[in-house]
Amino acid sequence: MKDAAPKTIYLKDYTPFGYVVESVHLTFRLAPTATRVISRIAFAPNPDASDRTFFLHGEELSLIWAKIDGQDVTPDLTDEGLRCTVPDTPFVWEAEVEISPQTNTALEGLYISNGMYCTQCEAEGFRKITYYPDRPDVMSTFIVRIEGEEKVKLSNGNPAGSGEGWAEWHDPWPKPAYLFALVAGDLVNHPDSFTTMSGKQVELNIWVRPGDVDKCAFGMEALKKSMTWDEEVYGREYDLDIFNIVAVDDFNMGAMENKGLNVFNSSCVLASPETSTDMNFERIEAIIAHEYFHNWTGNRITCRDWFQLCLKEGLTVFRDAQFTADMRSEPVKRISDVIDLRARQFPEDQGPLSHPVRPESFQEINNFYTATVYEKGAEVIGMLKTLVGDDAYIRALDLYFDRHDGQACTIEDWLRVFEDATGRDLAQFKLWYSQSGTPRVAVSEDWADGVYTLTFKQHTPPTPGQDVKGPKVIPIAVGLLNPNGDEVVPTQVLEMTQAEQSFRFDGLASRPVPSILRGFSAPVVLEREVSREERAFLLAHDTDEFNRWEASRNLARDCLVTMIRDGAGPDTAWLDGLERVVRDDTLDPAFRALMLSLPTQSEMAQVLFEMGSTPDPDAIWQAAEDLRGHMAEAWRGFLPELRASVAVDAPYLPDADQSGKRSLGSALLALQTRLDDGAAAQAQYDAADNMTLQLSALSHLISAGKGDAAIKAFETQWHHDRLVMDKWFGLQVGMAKPDVAVDVAEGLVEHPAFDMGNPNRFRAVMGGFAMNHAGFHRKDGAGYAFLADWLIRLDDKNPQTTARMCSVFQTWKRYDADRQALIRTQLERIKAKPKLSRDTDEMVSRILG
Ligand code: TYR
C-alpha cells in the first residue's frame, strides 16, 4: 500500500546483489491463517558486487526469530524487508516467519484457492513467503519440505521422499525465487509419461480438484506435443524426472512457468467438448506450450532484472506462435495474432501507457506484463528472424542456449548472440527495444521507363517521455503482381534503415500492383492512398493470405467510415468480392471466417480518431448494425445452404479443420439471425452437443434481443460449472444492446454467483462490459461510473487485477470533450481513494498523463 510518494525504479540504476545464494532450504508448516516458513539460506559475498548491504525483501511477514551461523540476531525491519549486519565470509541465515494464506486476497505469495494452497511468485511474490533477496539475478538450488495433512504436496524439481504428513522436493537447477512454487491440497491427477530425445522417462501429471479430472486429456496431449516440438525445432530437452501442472480457480493471470510445477488458471488448462469452445481449446494448447517452452526461455536462461522481461516473454510468445502455426494453420494464426496486436498493443503504444518493449522505469512491475512486452516483444523477434534468415536464427538460438545456460541475462546478451552468429551490427535494430510508439510508414510509388520504384518514409509519433525518435530497421516484405493478377516478383524483404528510402524494381513489362508488408512483416501502420479498385484487386489475387485478408479489412474500414461520416450506403463492390471469397470452397473455412469478421467498434473509433474525426460510439454501433443487416439481406439467398455445407457431421474434435468450419458457420449464423428472428440460432442452441455451437447460438440470440429463454436455460444447465458460468456472465453483458448494457451489468453483479474475489468472474463481467463499446461509452457516463465503483471496491483486495482493468480507460482521449470530462472525473475519483494500491495508483496516474 502506498504510504509515502511512490518510488520509481530505473534500469540504469541496476547493481548486482552483494551476496550470492549457495543453497536454500525451506520448511513449510501449513495452516490456513498461521503457516510457518522456516528458511535456511547459505550466503557468500558476491565477488562481482561492491555494495555489501545485506537487505532481504519481505512483506506482510511476522518474523518469529532469525539467526546467523546459529546465533540469534535482531534485524532492522521495515515494510519492505529487513537489514542486518553480517559477516564478510560465507554464512548461514536462518529465520522463521508466520504468514496467513487464508486472508491473502491479492493472490500473490502463498494463498488458498478453493481449499487448496498455492503460490504465485512472479514477479515479486516470494517476498510475501519469507525474507529473501527477491530479484531474478539471485539464483539458487532449493530443497523444500512441506508439512501438512493435505493428500498432495508439491514443489519444484524432483520428489525427494514423503511420509505421513510431509513431502520433500529437491530442485537441482539454480533458479530465481520468482520460479518457486508450492501446491498442497486434496487433488487428483491425470497421469502420463514422456520419453525425451535422449531416452529419459519423464512422469507427467495434471493435478485438479476431484470433479475436474475428466477435463485434463486435451491439456496432456498439448503438453506432449509441446515437448516433442521443442526437441524437434529448437533441440531442447526437458531436464527433470517429473513435470507437474496444477489447475487453480483463483489466479490473476493465465498461467505460470514455475520450474517443474506450472500453475494454471483453471480456465487455461481444463477442457472438454461440452464445456469449452474451439477457441478455448486452441488457447489452452498455446498456453500449455508457452509455459512449457519457458523451461528453456525463462528458466534455464532467465532475466537479470525485470526490465528484461521481454527477454523471456517476447521470445516465448514467439515460440508458442510458431508452435500453433505448425499445429494448425500458419496464415490463420498470423491473421489472428495481428487482429489481437492491433486490438490490444496498438492502443497501448499509441496512448498514455506507451512504453518501450524494454521499459526503462517502473513503480510496480506487475503493471508491465503488457501487450507491448509480450506481443510486440514477439514481433521484434519475428523481425529479427526475417532479417537474418531461418538458418541464422537457429544458429543464434543454439549459441544463446550454449553461452547463457544457467545465467540471468539482458537484451544486450540476446542481441550479441545474433551479432556473433551472423556478423551483423544490430545497434540500430536495438531501437525496437528502447523506442516506444508504433512507427508509421508512408508509401509512394513511381513508374517510369519500365522501372518501378517504391519509396517509404518512416515516422514514429512522440510518446510519453520520448519526443524524438530515430529511424528504425524495418523489414518490409513486398511482392508485385501484374495487371492480370499474376505474381511477377515473389516476396522479397526490403530492409529499410533510413527515415526515407526508395527501392527499385527493373525489368517489368507493365506497371505492377504492389502487395506491401506481406505477412505483416513489421508492427507498423502503413499509410498509403489506395483506391478501392486496387484493394479489391488484391482481395481477389494476392498470393499472400495475410495481405488478401488485409485488403478486405481495409475495404471494410473504408466502408464503415463512409457509412458513419457521410451516411453513405455500404460498398457493394467490396461485398461482391467478399462474397466470392466466402463462397470459395477451395479456401480454408477458418480463413473465410476471418474474412467475414468485421473491424471491432473500438478499432473503428481508432480509425476515425486517426483521420481527425471524433468517434461517436453510437454512430459506430449503428453503422456496424446496418452493414451486417445489409450483408444478411444481400446474401439471403445462399446463407442457409452455405452454412449447411460447412456443418460438421463427425464426432467433435477441437482441431483446426472442424473449428474452422464451426467458426465460418457461426459467422454465417450471425447474419442468418438477422433474417429469421433467431429461429436458426435457437435451433442450433437446442441441438448443440458442444459448447462451441451452444455458445455461438447463445451470443447471436442475445445480440438479436431474443436471448431471454436461452440465457435461463443455459444457467439451469451450467450453474454448477464456474468456468462455463464465466462465459454466461461475459456474454450477456458483452453482447447486450448498448442502451441496456449498464443495466445488464448492474444486474449481473447482484447475481449470487458474482464473486469479485475470483479474477475470472470479475473479468468476465467488467471486461465483457468494457468490450461492449457503445454500452460502456454511454453518453451520460453511467458506464464509466459503474466500472470505477468496482475498481475502487476491488483495489483493497486485489491490486493487480484492479490495475490491469484500469487500462480500459487508456483510449479516453479519442472521445468527445463531454465523455473525456466524465472519464476524467472517474479516474480522479479512483486516484483519490484512500490507501490506493501502488499498482492502481501508477496506472491511473499514467492514464491521466
Ligand atoms: N510468466 C507468466 C507467463 O507469461 C505470466 C505471469 C506473470 C503469471 C505474472 C502470473 C504473474 O503474477 O507465462
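Being a predicted model, the structure only gives us computed values, none of them experimental.

The rules we used
- Residues numbered from 1 in each chain as written.
- Predicted model: local features only at pLDDT ≥ 70, side-chain atom pairs only at ≥ 80, totals over all residues.
- Heavy atoms only, no water.
- Helix = DSSP H or I, 4+ residues; strand = E, 2+ residues; numbered from the N terminus.
- Rg over C-alpha atoms; globule rule 2.2 N^0.38 Å.
- Buried < 20%, exposed > 50% of the residue type's maximum accessible area, 1.4 Å probe, protein only.
- Areas by Shrake-Rupley, 256 points an atom, 1.4 Å probe, with all protein chains shown as cover.
- Lys, Arg positive; Asp, Glu negative; His and termini not counted.
- Charge placed at Lys NZ, Arg CZ, Asp CG, Glu CD.
- Axes fitted to C-alpha atoms, helices over the stretch in contact; angles between N-to-C directions.
- Parallel < 35°, antiparallel > 145°, perpendicular 65-115°, else oblique.
- Left-handed = near helix turned anticlockwise from the far one by under 90°.
- Contact = heavy atoms within 4.5 Å.
- Nonpolar A, V, L, I, M, F, W, Y, C, P; charged D, E, K, R; others polar.
- Near = heavy atom within 4 Å.
- Polar contact = N/O pair within 3.5 Å; in protein donor to acceptor, adjacent residues only side chain to side chain.
- Domains from an automatic or database assignment.
- Buried area = accessible area lost by both parts, 1.4 Å probe.
- Salt bridge = Lys/Arg side-chain N within 4 Å of Asp/Glu carboxyl O.
- Pairing = 2+ DSSP bridges.
- UniProt positions renumbered as here; feature names shortened; annotations may be inferred.
- Patch = residues over 30% accessible without salt bridge, like charges linked within 9 Å, V, L, I, M, F, W, Y side chains within 5 Å.

> How would you sum up the overall build of the chain? Please name residues and give values.
Secondary structure assignment for the chain yields 27 helices and 31 strands. Computed over its C-alpha atoms, the radius of gyration of the chain comes to 27 Å, within 12% of the 29 Å expected for a compact globule of 849 residues. Along the first, second and third principal axes, the C-alpha set of the chain runs to 85 × 65 × 60 Å. Residues classed as buried in the chain amount to 60% of the 849 residues present. Split by element, the accessible area of the chain, about 32,000 Å² in all, is 50% carbon and sulfur. Across the chain, the mean location of the 86 positive side-chain charges is 3 Å away from that of the 129 negative side-chain charges.

> Got a sec to walk through the packing of helix α4 (residues 330–349) against helix α5 (residues 371–388)? Specific residues and values, please.
Two numbers describe how α4 lies on α5: the axes approach to 10 Å, and their chain directions differ by 135°. Accordingly, the angle class assigned to the pair α4 and α5 is oblique. Crossing geometry of α4 relative to α5 is assigned as left-handed. Contacts between α4 and α5 pair Arg-334, Asp-340, Leu-341, Arg-344, Gln-345, Glu-348 and Asp-349 from the former with Ala-371, Thr-372, Glu-375, Lys-376 and Glu-379 from the latter. In terms of residue class, the contact of α4 with α5 is made up of 2 nonpolar, 2 polar and 8 charged.

> So what's going on with the site of the ligand? Residues and values would help.
As a matter of local geometry, the ligand sits amid 14 residues, with Glu-122, Glu-257, Glu-291, Glu-313 and Tyr-374 nearest to it. Contact between the ligand and Gln-120: an oxygen atom at 3.1 Å from a side-chain N or O atom of the residue. Within the side chain of Glu-257, one N or O atom sits 2.7 Å away from a nitrogen atom of the ligand. Surface burial for the ligand is 97%, taken as the share of its 340 Å² of free accessible area covered by protein chains. Looking at the shell around the ligand, the elements with two or more residues in it are β20 (255–256), α2 (278–293) and α3 (309–327). Of the residues contributing to the shell around the ligand, the split by class is 5 nonpolar, 4 polar and 5 charged.

> Got a sec to walk through the environment of Glu-108? Specific residues and values, please.
Here Glu-108 is to be found in the loop between β9 (91–99) and β10 (109–113). The sequence separation of Glu-108 and Arg-127 amounts to 19 residues, and the corresponding C-alpha distance is 9.5 Å. Residue contacts for Glu-108: discarding those within four places in its chain leaves Gln-120, Lys-128, Asn-366 and Gln-800. One polar contact links Glu-108 to Lys-128, side chain to side chain, over a distance of 3.2 Å.

> Report on the domain arrangement of the chain, specifying residues and quantitative values.
Annotation of the chain at the domain level lists domain 1 (1–186) and domain 2 (603–848). Taken over C-alpha atoms, the centre of domain 1 sits 41 Å from the centre of domain 2. Listed per partner, the contact involves 9 residues of domain 1 and 12 residues of domain 2. Summed over both partners, the interface of domain 1 with domain 2 buries about 950 Å², with 45% contributed by carbon and sulfur atoms. For the pair domain 1 and domain 2, the number of links is 0 salt bridges. Linking domain 1 to domain 2 there are 2 residue pairs in polar contact (both at pLDDT 80 or more). Looking at the side of domain 1 that touches domain 2, its residues break down into 4 nonpolar, 2 polar and 3 charged.

> Account for the pairing of strand β26 (residues 451–459), with residues named and values stated.
It is a general feature of regular strands that their side chains alternate between the two faces of the sheet. Most of β26 sits inside the fold, with 7 of its 9 residues counted as buried. Sheet analysis places strand β25 (residues 440–448) next to β26, joined by 9 bridges and oriented antiparallel. By the bridge assignment for β26, Trp-447 is matched with Tyr-452. Hairpin geometry of β25 and β26 is characterised by an intervening segment of 2 residues between the two adjacent antiparallel strands and by a positive phi of about 50° at Asp-449. Here β26 runs beside strand β29 (residues 500–505); their pairing, made up of 6 bridges, is antiparallel. Paired with Leu-454 across the bridge in β29 is Phe-503.

> Pulling in residues and values, what's your account of the packing of helix α9 (residues 532–541) against helix α10 (residues 545–566)?
Interhelical geometry of α9 versus α10 gives an angle of 145° and a closest axis separation of 7 Å. By crossing handedness, the relation of α9 to α10 is classed as left-handed. Side by side, α9 and α10 meet where Arg-532, Arg-535, Ala-536, Leu-538, Leu-539 and Ala-540 of the first sit next to Arg-548, Ala-551, Ser-552, Asn-554, Leu-555, Asp-558 and Thr-562 of the second. When grouped by side-chain class, the residues that make up the contact of α9 with α10 number 6 nonpolar, 3 polar and 4 charged.

> Give me the side chain of His-773: which residues, what numbers.
Along the polypeptide, His-773 turns up in helix α23 (residues 773–776). On the basis of relative accessible area, His-773 is assigned to the buried category, the value being 5%. Polar contacts involving the side chain of His-773 include one to the side chain of Tyr-815, which spans 2.7 Å. Excluding residues that lie within four positions of it along the chain, His-773 makes contacts with Gln-601, Ser-602, Ala-605, Pro-617, Ile-620 and Tyr-815.

> Describe the UniProt feature "domain: Peptidase M1 alanyl aminopeptidase Ig-like fold" (unreviewed entry) in the chain, and please don't skip the residues or the numbers.
The UniProt record marks residues 437–528 with the feature "domain: Peptidase M1 alanyl aminopeptidase Ig-like fold" (unreviewed entry), using the residue numbering of this structure. Between the end C-alpha atoms of residues 437–528 there is a gap of 19 Å, over a span that is 0% helix and 53% strand.

> Any chance you could break down a negative patch on the surface for me, citing the residues and the numbers?
On the surface, Asp-326, Glu-330, Glu-545 and Asp-588 cluster together into a negatively charged patch. As for its placement among the helices and strands, Glu-330 is situated in helix α4. Classification of Glu-330 as exposed rests on a relative accessible area of 57%.

> Requested: an account of the pairing of strand β5 (residues 62–68), with residues and values cited.
Bridge analysis of β5 against β9 gives 6 bridges, and the strand direction is antiparallel. By the bridge assignment, Lys-67 is partnered in β9 with Glu-94. With 2 bridges connecting them, β5 and strand β6 (residues 71–72) associate as antiparallel partners. When the bridges of β6 are listed, Ile-68 appears paired with Gln-71. Counting the residues in the hairpin turn of β5 and β6 gives 2 residues, including Asp-69, whose phi is positive at 50°.

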